[in-house]
Amino acid sequence: MPATDLLLVSGISKHFGGLSALTDVSFSIGRGEIYALIGPNGAGKTTLFNVITGIYSPDSGSFCLNGQNMAGRKASAMAKAGIARTFQNIRLFSNMTALENVMVGRHSRTRAGVFGAIFRNASSIREEQQIAARARDLLSYVGISRHEHMLARNLSYGDQRRLEIARALATDPMLLALDEPAAGMNHSDTDSLRILLERIRMDGVTILLIEHDVKLVMGICDRLCVLNFGHKIAEGTPEEVRSNPAVIEAYLGNS
Amino acid sequence: MEIFLQQLVNGIVLGSIYALVALGYTLVYGILGLINFAHGDIVMIGAMVTLAVVHFLSGTGLPGPALVGIGVLVAAIVCMALGYLVERIAYRPLRDAPRLAPLITAIGVSILLQNLAMMIWGREYLSFPPLFQSGSFTFSGVSISPIQILILFASGAMMGALSWMVKRTRLGNAMRATAQHPEVATLLGVDSNLIISITFVIGSALAAVAGTMVGAYYGIAHYDMGFMLGLKAFTAAVLGGIGNIEGAMLGGILLGVIESMGAGYLGALTGGVFGSNYQDVFAFFVLILVLVFRPSGLLGEQVGERP
Amino acid sequence: MNRGIRLFLVAAGLIALPFLTDFAFGRTWVRIIDFALLYSMLALGLNIVVGFAGLLDLGYVAFFAVGAYLYALLASPHFGLHLPFWLLLPLGALVAGLFGILLGAPTLRLRGDYLAIVTLGFGEIIRIFLNNLNAPYDITGGPQGVNLIDPITIGGFSLNHPLSSSFPAVYNYYFLFLAVTILVAFVSSRLQNSRIGRAWVAIREDEIAAEAMGINTRNVKLLAFAMGASFGGLSGTLFAGFEGFVSPESFTLMESIMILCMVVLGGMGHIRGVIFGAILLSILPEALRYVGSLQQAIFGHVYADPSSIRMLLFGISLILVMLFRPAGLWPSPVRRRELAAHDETARHENSSIYDAGH
């Protein structure tokens, strides 16, 4: 397999009862790419996303991260293997502070157990300091360090979105999967999100993006895949997709 | 075989009482997501009030069934008022509070009602006078008493009426709407506070009837009879899928049957190691087994882990 | 106030407490305080499961029973075994912890109130077994329970022996229970402010998001059950040695509910609040015993059964506290923590919010 592919999705299908949400979907994401998944409502984007992040397991097909087959693993195993995600309807730990939220993201990269917690031996103290330091860095990376002690539920909407990204980055992902990160954002928020995503990519993290904001998608992604009724109908660069008649009919035509 | 059929009949009778009480839990749970811990004690109050009325009128020479009829009517009115008050005072102010806060007030109400009953009616077991014709009908070796028949018919009728009301009437629609989407229901002009009050009142009326049935069936009433009964009924509601009306009925009857089968066969099945004193273990064990394989109960919605 | 001075005052108060209580209210009350300490351990244990991890457990008293029966059976004439206390105390915690995992495992997929009813079922199952395992072989002593349990003996010194006429046995137990309670509170606090504690809270807040952040929710939940249960086991072991007698009656569902009330009423998730709730609810029913004599004093006659009035008032207080303080009497000071964020200097002084300084 080509060493440049980070994620290789092949022939994924998923049914719910008699309804087939995904039919034989395949695509691949190269290292360092920003890759988008678009399609009208009900096209199967979120289902695909949930398969890749371990919430659903696919009925058939497989997908490999870095050459390792991941299909059907638990969500926590996905995070450990290097796929981190955000949620469409923000799911922060609302009664924890911003800092604590990001610290939770370090869970799978740290080890201290009950013994370390109770006895606070040198290595667990060091680890705890590293967790906090890394979390603070990430808060400032996404630009909300001034709110580190605020409860997540009291942050503004845009800051909650940023916090979710910081929390996901705390798992040291190879692939950052963002479920409609611009949903509900105003114009200037979207602009700064675009800058943030560019920066994350520059720092070596590959990004998978589901997005409704076509302008943002076309402006930022390297390649994209268009789904309709659970089938892949097009794939390519924004220019290629934009001129694809099937896409115009299915998606751009009615938006 | 005869033992089996006999235990089946006994189980269904017991189960239909559980089902009536379970409906009270499930109605409230469906609409508020609250375990109304005090519901079992409302059942107890129902039994106590009926008993008090029967004693009061026993000198009048009215026939037994008429006494019970008047008694259950008074008990229903008292319990409905009580249910309304409990919701108003102990649950409504906590509707937006942390989830466990109303559970604790419910426990408080339960302790309050039990001790109130103990102060009014004393700590002794009170006996129900024999109000129904004794003796029983026997069909091919299986005997069934008049009161068992009455319980079956009365609970069947009430469950039927409730199902019809929830499915077919405007009030039922409003109840279902409030349970599913409280905000939307409010937008559509449903007065959710009123609907919640009505739900409590209906549940309490069923409780009064169930309390009378238990009292008359076993012939005794006691201030803490509601606790175990409530627990069993809640178990039944969960078994069937809490929040689901048919689930409560199914769960109630199933639990009744499981218990009486347990009482009848547990000793024989285990070579006498576990006797009928393990029947509660058996009931809980079945519950746990069901929930391990169907985490939302038998008829509960199997909601997948949707993000 | 300086931290050192405050610590000194608290320590002095705790040491003086049994003497002052004895002097002011009599020896019975020292015994009540001993029980309040046992309940504090139980409440702290349940707080890990309910308060931290958000798993509603209505059968928690089962672990108290496991600890108590373990001690009762291995240190009494019942089987003729007399194992030493220093061995049984950790063993009680360990076995109860294993029971926590055993009972926790089938409930992992269950949510909220389904979990509540299953844990309730387990609690009842254990009690019913304790009640009936006297036939065909007598294991638990059945409804009569186990008698003549060895008193707690440390280094050859039995705590049942008064040190002197002014230092009775209840004082011995007070200091032992105080030490264990402090240990349990310390462990709770260390766990809360750790990677594990954060994972528990994350599960409480949003299980799906927690799993997506790489937390193996199954293991972390089982760990919460095990830790909570082991505190219950500790408390049970101490209880058996203190009482000298155990029977299934001490482990009813009502006890589980009472412990839950302590946790919620005090302030779920907040260690000091939970201890406060445990002490308050252990003392309140005892204090309400005076209602009878109060009636006598005021009206010259006892009108109503004092014990039912006492529980009636107890029920009313549960309702009133929740109505006026739905988050508990002493909830965790998250709000204070939030306010500190707006104060730059406070933030720099407090280099880590995990220094349990508040």
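Refer to the structure printed above.
From a predicted model like this one, the values you see are computed outputs, not experimental measurements. (Residues numbered from 1 in each chain as written. Chains lettered and ligands numbered in written order. Predicted model: local features only at pLDDT ≥ 70, side-chain atom pairs only at ≥ 80, totals over all residues. Heavy atoms only, no water.)

Asks: For this particular structure, what's the right way to read the interface of chain A and chain C?
Replies: Put simply, an interface is often sized by how much accessible area is lost when its parts join up. With 43 residues of chain A at the interface, the matching set in chain C holds 36 residues. Counting the surface lost from both chain A and chain C, the interface buries some 3600 Å², and carbon and sulfur atoms represent 60% of this. Connecting chain A to chain C are two salt bridges. Counting the contacts that link chain A with chain C gives nine residue pairs in polar contact (both at pLDDT 80 or more). Every element with two or more residues in the side of chain A that touches chain C is listed here: helix 2 (75–81), helix 3 (98–105), helix 4 (114–119), helix 5 (122–141) and helix 6 (157–169) of chain A. In terms of residue class, the side of chain A that touches chain C is made up of 18 nonpolar, 13 polar and 12 charged. (Contact = heavy atoms within 4.5 Å. Buried area = accessible area lost by both parts, 1.4 Å probe. Salt bridge = Lys/Arg side-chain N within 4 Å of Asp/Glu carboxyl O. Polar contact = N/O pair within 3.5 Å; in protein donor to acceptor, adjacent residues only side chain to side chain. Helix = DSSP H or I, 4+ residues; strand = E, 2+ residues; numbered from the N terminus. Nonpolar A, V, L, I, M, F, W, Y, C, P; charged D, E, K, R; others polar.)

Asks: In this structure, what is going on with empty space enclosed by the protein? I would like to understand it.
Replies: Rolled over the atoms, a probe with the dimensions of a water molecule shows which regions are left empty. Overall, the coordinates contain seven cavities of 30 Å³ or more when judged by the stated rule. The computed volume of the largest cavity comes to approximately 100 Å³. Every residue lining the largest cavity is counted, 13 residues in all, and those nearest its centre are Y25, F37, F227, G230 and L231 of chain B. Per element, the largest residue contribution to the lining of the largest cavity is five residues, and it comes from helix 9 (residues 225–240) of chain B. Taken together, the residues that form the lining of the largest cavity break down as eight nonpolar, four polar and one charged. Empty space within the second largest cavity amounts to approximately 80 Å³. Every residue along the wall of the second largest cavity is listed here: D57, G59, F63, G100, L103, G104, T119, F122, G123 and F225 of chain C. Elements supplying a minimum of two residues to the lining of the second largest cavity: helix 4 (85–104) and helix 5 (112–132) of chain C. (1 Å grid on protein atoms, 1.4 Å probe; cavity = no way out; pocket = protein on both sides within 12 Å on 5 of 7 lines; lining within 4 Å. Points joined across faces, edges and corners; volume = space filled by probe spheres on them.)

Asks: Honestly, the pattern of salt bridges in this entry has me stumped. Any pointers?
Replies: Any two side chains of opposite charge can pair, on the condition that their charged atoms come close. All names here are of chain A. Counted by the stated rule, this structure contains 24 salt bridges over all chains. Across the salt bridge formed by D59 and K14, the nearest N and O atoms sit 3.9 Å from each other. Taken as a pair, D59 in the loop between helix 1 (45–52) and strand 4 (60–65) and K14 in strand 1 (residues 5–16) lie far apart in primary sequence, 45 residues in all. The exposure class of D59 is partly exposed, given its relative accessible area of 43%. Notably, a salt bridge pairs D191 with R194, separated by 3.6 Å at the nearest N-O pair. Of this pair, D191 and R194 both sit in helix 7 (residues 187–202), three residues apart, which is roughly one turn of the helix. With relative accessibility at 24%, the residue R194 sits in the partly exposed group. Residues participating in the shared-partner salt-bridge network are E33, R223, K232 and E235. (Buried < 20%, exposed > 50% of the residue type's maximum accessible area, 1.4 Å probe, protein only.)

What is shown is where atoms sit, not what they do.
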